[in-house]
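# Examining the three-dimensional arrangement
Residues per chain are reported as follows:
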Amino acid sequence: MKVRAVTVGLCGSEDWELFRQRLRDANWTGTRIKAALEDHGIPTDFVRLVTDPFGRWVQGIDLESLARELDELDVHAISLGRAMSDEDLKWIPRFMEVSPKISCTAHLRQSPVHEQLPDEDHALKISEVLSTLDWRQGFNFCVSCGAMPDNIPFLPVASREVPTSSSQESAFMISIATENSDVLEQAAEISTGTSELHSNVKKLLEPPLMKIEEIAVETLKTWSEPRNLVATYCGIDPSANPSLDGTSSIGKAIECSLQNQPLGSVGSISVVAAISSALRTLNVKKVGYAGVMLPVLEDLSLSKRVNEGSLGLSSLLQLSAVCGVGLDTIPISHSLTAEEIAKVVVDVGALAMRW
């Protein structure tokens, strides 16, 4: 297991010099935590930044200046938070054009008539934006639905919480994203049945996560206070996800629990539910999803099943009902219209808004 990212939340500002200093301090804070984790033998890939919803401040920012600052700081990636209004949607293509480091999300509204259903008109407006993006830009944009938690450390969905006071506005919010499919493969190999899988996931994941948490909290005390920086540790998102280098796979872990039957077979939902449930009982401060990610384009086993035709959109939607994450990096054809994409968005939203 390793840390995918130390994600630092900051507030944007129409005052460019203030925003610029916050970017630098946030990146500095994340870099200190990353270094401390690595000093303790915990591989850590990235420092990433995330802002509060961009509609609150982006009108006063020159995007080219932002892009240059991100390059100068060598920031791996930044999410500019959620588009909360129809007016905000117009910014998304501009973000994607100005820098490949910028990502964001659009939050799907509830129907004005039925609160447990998504707004179909809004889904279409979002899908019209999505249909203009190329494949690379598509990785930097997503649609969030339902009661989305703040301070998720995974991009592009990440969005820092909206401050309620001036002191909160200057504070950095620290969240940690892990990469743990190797541990889940181990848990699956020694488990017989979903009850044992649940216990073994918790037993194997909890000790390293507690160590990560201890290091992060101590580092914040050591480094932020002398510089008069206010930083809040929000927690770890222990969501199950594959390694980006292809060495371990969520699909493989699930199929091991299914006695090597392909993902999507009978029993898949109960295995995913058992893993999700175990993640939510871990004895660390949790933030974000704490669910099972099934990113088709980032997991070799999932990609293989999709190519074989044994794992389709309907099966992934069924699994999303218990995984807590939804659809993740699903390949779609450029020939699809915005109306067709909107149907998928509405399906995911309908599931998310039930809970």
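Structural data are supplied above this passage.
Residues numbered from 1 in each chain as written. Predicted model: local features only at pLDDT ≥ 70, side-chain atom pairs only at ≥ 80, totals over all residues. Heavy atoms only, no water.

### Describing unusual backbone geometry
Backbone torsion omega between Leu 155 and Pro 156 reads 10 degrees, so that peptide bond is classified as cis. The backbone of Gln 259 sits at a positive phi, close to 55 degrees, despite the residue not being glycine. Counting through the fold element by element, Gln 259 comes out in the loop between α10 (250-257) and α11 (268-279). For Gln 259, a relative accessible area of 57% puts it in the exposed group. The backbone phi angle of Thr 329 is positive, close to 45 degrees, even though this residue is not glycine. For Thr 329, the location among the structural elements is in the loop between α13 (313-323) and α14 (338-352). (Helix = DSSP H or I, 4+ residues; strand = E, 2+ residues; numbered from the N terminus. Buried < 20%, exposed > 50% of the residue type's maximum accessible area, 1.4 Å probe, protein only.)

### Some points on the side chain of Asp 88
Note on placement: Asp 88 falls in helix α3 (residues 86-89). Buried charge Asp 88 goes without a salt bridge, the closest partner of opposite sign being Lys 90 at 8.1 Å. A polar contact is formed between the side chain of Asp 88 and the backbone nitrogen of Met 84, at a distance of 2.9 Å. Beyond its immediate chain neighbours, meaning those up to four positions away, Asp 88 contacts Phe 54, Gly 55, Arg 82 and Ala 83. (Lys, Arg positive; Asp, Glu negative; His and termini not counted. Salt bridge = Lys/Arg side-chain N within 4 Å of Asp/Glu carboxyl O. Polar contact = N/O pair within 3.5 Å; in protein donor to acceptor, adjacent residues only side chain to side chain. Contact = heavy atoms within 4.5 Å.)

### Digging into the sheet that holds strand β3 (residues 77-83)
Taking strand neighbours across the sheet as the criterion, the seven strands line up as β5-β4-β3-β2-β1-β6-β7 in an open arrangement whose pairing is mixed. The sheet is open, and its two borders are formed by β5 (141-144) and β7 (231-237), each paired with just one other strand. Within this sheet the neighbouring strands show an average axis-to-axis angle of 25 degrees, counted without direction. Note that strand β2 (residues 44-51) and β3 share three bridges and pair parallel. In the strand pairing of β3, Arg 48 is matched with Ala 77. (Pairing = 2+ DSSP bridges. Axes fitted to C-alpha atoms, helices over the stretch in contact; angles between N-to-C directions.)

### As for the packing of helix α1 (residues 16-39) against helix α2 (residues 63-73)
In the contact formed by α1 and α2, the axes pass within 11 Å of each other and the chain directions differ by 25 degrees. The angle between α1 and α2 falls in the class roughly parallel. Viewed along their axes, α1 and α2 form a crossing whose handedness is right-handed. Seen from α1, the contacting residues are Trp 16, Phe 19, Arg 20, Leu 23, Arg 24 and Asn 27; seen from α2, they are Ser 65, Leu 66, Glu 69, Glu 72 and Leu 73. Classifying every residue of the contact of α1 with α2 by side-chain character gives five nonpolar, two polar and four charged. (Parallel < 35°, antiparallel > 145°, perpendicular 65-115°, else oblique. Left-handed = near helix turned anticlockwise from the far one by under 90°. Nonpolar A, V, L, I, M, F, W, Y, C, P; charged D, E, K, R; others polar.)

The analysis is restricted to geometry; functional conclusions fall outside its scope.
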